[in-house]
Amino acid sequence: ADDAGICANVEFPRPSGLVRDLLRPVPGVADSLDGWQRSAVVRRIVALLEEHSGGPSMWLLDRFIAGSDDGASAGAQRLRAARKVARLFDTYERYRPAMLEAWETGHDLGPDGEELSESQIWQPLLWRRLIEETASPPLHRILPEACEALRHDEGVAVPERISLYGLTAIDPTVLHVLDAVSHRS
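Note that this is a predicted model, so its numbers are computed, not measured.

## Looking at the nonpolar core
Then comes step 1: In terms of nonpolar packing, the biggest core is built from 26 residues, with Ile45, Leu49, Phe89, Trp103, Leu126, Trp127 and Leu130 touching the most fellow members.
Then comes step 2: Breaking this core down by element, the ones donating at least two residues are helix 3 (38–52), helix 4 (59–66), helix 5 (74–95), helix 6 (97–104) and helix 7 (122–133).
Then comes step 3: Core analysis: the second largest hydrophobic core is formed by 20 residues, Leu22, Ala146, Val174 and Ala180 among them.

Now the structure itself:
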């Protein structure tokens, strides 16, 4: 293949997929990856939205679910809301882990450490309920230990070579994992 200039069996995963593939063999990480997979999070958020509808802090989400302009049912709107919230929480996990840690300890603070407004208070409440409903910890809690295992554990296989191209930005989670893997060579 080399003589003929053929390239075969090469994978070109997205950075998030590469991170999952690198972290999955690390002991204790696979359960978190599976438990916090977007589709699983969406299902749990749908159930939480149904369970806590009408709660004093949920008024903004309740209004979104009830106020469909396109004639969607409440169930369809709830699913739409759950998908948006799951995306939001995923972004927070990658870019705002300190804020999530504050929420987990009962401090309802924004990304800059300020108190959240009344219209935002549903976020930490829903996050804490999601944590309670999920058997495994979210990735931001286990990432430091997982990266240490990638750095030093010879029992965790990593690719001989990783090449990235065409990236305009890279999120901190990907950067931490790639940094850990780079120490193996």
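## A short note on the pattern of salt bridges
Pairing between side chains of opposite charge can happen when their charged atoms approach one another.
Then comes step 1: The tally for this structure, following the rule as stated, stands at nine salt bridges.
Then comes step 2: In this structure, the salt-bridge partner of Asp108 is Arg128, at a minimum N-O distance of 2.8 Å. Of this pair, Asp108 sits in the loop between helix 6 and helix 7 while Arg128 sits in helix 7, placing them 20 residues apart in sequence.
Then comes step 3: Salt bridges linked by common partners bring Arg38, Asp90, Arg94 and Asp171 together as one network.

## Some remarks on the packing of helix 5 against helix 6
Then comes step 1: Contact pair helix 5 / helix 6: the axes reach a minimum separation of 5 Å and the direction vectors enclose 110 degrees. With respect to helix 6, the element helix 5 is oriented roughly perpendicular. Along the contact surface, helix 5 presents Phe89, Tyr92, Glu93, Arg94 and Tyr95, while helix 6 presents Pro97, Met99, Leu100 and Trp103.
Then comes step 2: Counted by class, the contact of helix 5 with helix 6 contains seven nonpolar, no polar and two charged residues.

## Description of helix 8 (residues 139–152)
The α-helix advances 3.6 residues per turn, and as a result positions three or four apart in sequence lie on the same side.
Then comes step 1: For helix 8, with 14 residues, the first-to-last C-alpha span of 19 Å sits near the 20 Å given by 1.5 Å per residue.
Then comes step 2: Bending of helix 8 peaks at approximately 30 degrees at the position of Glu145.
Then comes step 3: Looking only at helix 8, the buried set comprises Leu139, His140, Ile142, Leu143, Ala146, Cys147, Ala149, Leu150 and Arg151.
Then comes step 4: Buried-residue contacts for helix 8 involve helix 1 (15–23), helix 2 (30–35), helix 5, helix 6, helix 7 and helix 9 (172–182).

## Here's the deal with unusual backbone geometry
Then comes step 1: Phi at Asn9 takes a positive value of approximately 55 degrees, unusual for a residue other than glycine.
Then comes step 2: Overall, the relative accessible area of 81% leaves Asn9 in the exposed class.

## Quick notes on a nonpolar patch on the surface
Then comes step 1: Together, Leu164, Leu167, Ile170 and Leu175 make up a nonpolar patch on the protein surface, roughly 320 Å² of accessible area in all.
Then comes step 2: In this fold, Leu167 is placed in the loop between helix 8 and helix 9.

Basis of the calculations
- Residues numbered from 1 in each chain as written.
- Predicted model: local features only at pLDDT ≥ 70, side-chain atom pairs only at ≥ 80, totals over all residues.
- Heavy atoms only, no water.
- Core = buried A, V, L, I, M, F, W, Y, C linked by side-chain atoms within 4.5 Å.
- Buried < 20%, exposed > 50% of the residue type's maximum accessible area, 1.4 Å probe, protein only.
- Helix = DSSP H or I, 4+ residues; strand = E, 2+ residues; numbered from the N terminus.
- Salt bridge = Lys/Arg side-chain N within 4 Å of Asp/Glu carboxyl O.
- Axes fitted to C-alpha atoms, helices over the stretch in contact; angles between N-to-C directions.
- Parallel < 35°, antiparallel > 145°, perpendicular 65-115°, else oblique.
- Contact = heavy atoms within 4.5 Å.
- Nonpolar A, V, L, I, M, F, W, Y, C, P; charged D, E, K, R; others polar.
- Expected span 1.5 Å × (residues − 1).
- Bend = angle between axes of the 7 residues up to and from the residue.
- Patch = residues over 30% accessible without salt bridge, like charges linked within 9 Å, V, L, I, M, F, W, Y side chains within 5 Å.
- Areas by Shrake-Rupley, 256 points an atom, 1.4 Å probe, with all protein chains shown as cover.

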